[in-house]
Amino acid sequence: MMDTPLTNPFYIEHGALLVESYKRLTGNDLLAYNGMKSDASFSIIEQLDNAPFVLLSHGLGDDPIFNFGNKSALELFEIDWQGLTKMPSRLSAETINQADREYLLETVTCQGYIDDYSGVRISAKGKRFMIKQAIVWNIIDAKGDYFGQAAIFSHWDFL
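Residues numbered from 1 in each chain as written. Predicted model: local features only at pLDDT ≥ 70, side-chain atom pairs only at ≥ 80, totals over all residues. Heavy atoms only, no water.

> Run through the overall build of the protein, naming residues and quoting values.
Helix and strand content of the protein: five helices and six strands. For the protein, the N- to C-terminal ordering of α and β elements is α-α-β-β-α-α-α-β-β-β-β. A compact globule built from 159 residues should have a C-alpha radius of gyration of about 15 Å, and the protein, at 14 Å, falls within 12% of that. By principal-axis analysis of the C-alpha atoms, the protein measures approximately 40 × 35 × 30 Å. Counting across all 159 residues of the protein, residues that qualify as buried make up 49%. When contacts within the protein are restricted to residue pairs at least 6 apart in sequence, those whose partners lie at least 24 apart make up 49%. When the accessible surface of the protein is totalled, it reaches about 8,200 Å², and 54% of it is carbon and sulfur. Distance between charge centres in the protein, computed from 13 positive and 21 negative side chains, equals 4 Å. (Helix = DSSP H or I, 4+ residues; strand = E, 2+ residues; numbered from the N terminus. Rg over C-alpha atoms; globule rule 2.2 N^0.38 Å. Buried < 20%, exposed > 50% of the residue type's maximum accessible area, 1.4 Å probe, protein only. Contact = heavy atoms within 4.5 Å. Areas by Shrake-Rupley, 256 points an atom, 1.4 Å probe, with all protein chains shown as cover. Lys, Arg positive; Asp, Glu negative; His and termini not counted. Charge placed at Lys NZ, Arg CZ, Asp CG, Glu CD.)

This is the structure:
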């Protein structure tokens, strides 16, 4: 299994964009989420990749593809890096839950973020779980340019 390409310039910039847009929209520090302590000896993206919470993001398009998932996300969703970064984010929810997921994404698009999302998700191997208290936000830069959406959570129950 290939490691994530964290030294790629896209991911170095993406890590900073995730942190900055989270702070801009929620007023909180992403690197302090769930009691995490920032460590300047590692890049932001390396810290996010090794964080004790699930973090995922997808890019743009009619059927956005995941462009990042940290190690916790890969483990929970039972998928490797190559599989995740080729997968449309809609496939993280069962077909029956697609309307709920679409409503969530539309709400986030309009409001900028939501900080209390709960919903059923499914791993690549078919394991179902309920995520709780997820924060989903728009990935935007200082100019307001939109790059996709991200989600973070640390609570879930297998169904």
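The rest of the description comes next.
> Outline the packing of aromatic side chains, supporting the account with residue identities and numerical values.
The final tally for this structure, using the stated rule, is nine aromatic pairs. Plain terms: the ring middles of Tyr 33 and Phe 53 are 5.1 Å apart, the flat faces sit at 90° to each other, and that makes the pair edge-to-face. Of the two residues, Tyr 33 is situated in the loop between helix H1 (9-26) and helix H2 (44-49) and Phe 53 in the loop between H2 and strand S1 (54-58); the sequence distance between them amounts to 20 residues. With respect to burial, Tyr 33 and Phe 53 carry one shared label: buried. An aromatic cluster of three or more residues is present, and its members are Phe 10, Tyr 11, Phe 68 and Trp 81. Looking at Lys 127, its charged tip hangs above the ring of Phe 158, at a distance of 5.4 Å from the centre. (Phe/Tyr/Trp six-rings, centres within 6.5 Å; stacked < 30°, edge-to-face > 60°. Lys NZ or Arg CZ within 6 Å of the ring centre and 35° of its normal.)

> Lay out unusual backbone geometry with the relevant residues and their values.
The phi dihedral of Glu 78 is positive, around 50°, even though this residue is not glycine. Along the chain, Glu 78 turns up in the loop between helix H3 (71-76) and helix H4 (81-84). On the basis of relative accessible area, Glu 78 is assigned to the partly exposed category, the value being 24%. Here the phi dihedral of Gln 133 falls at roughly 55°; this positive angle occurs in a residue that is not glycine. Structurally, Gln 133 is set in strand S4 (residues 128-140).

> Let's hear about the nonpolar core: which residues, and what values?
Generally speaking, a soluble globular protein has its nonpolar side chains buried in company with each other. With 43 residues, the main nonpolar core has Leu 18, Trp 137 and Ile 152 as its most contacted residues. Among the elements that take part in this core, S4 stands out by supplying seven residues, more than any other. Contacts of Ile 152, omitting those with residues within four sequence positions, involve Tyr 22, Leu 30, Tyr 33, Phe 53, Val 54, Leu 55, Gln 133, Ala 134, Ile 135 and Trp 137. (Core = buried A, V, L, I, M, F, W, Y, C linked by side-chain atoms within 4.5 Å.)

Everything listed here is a matter of geometry and, on its own, says nothing about what the molecule does.
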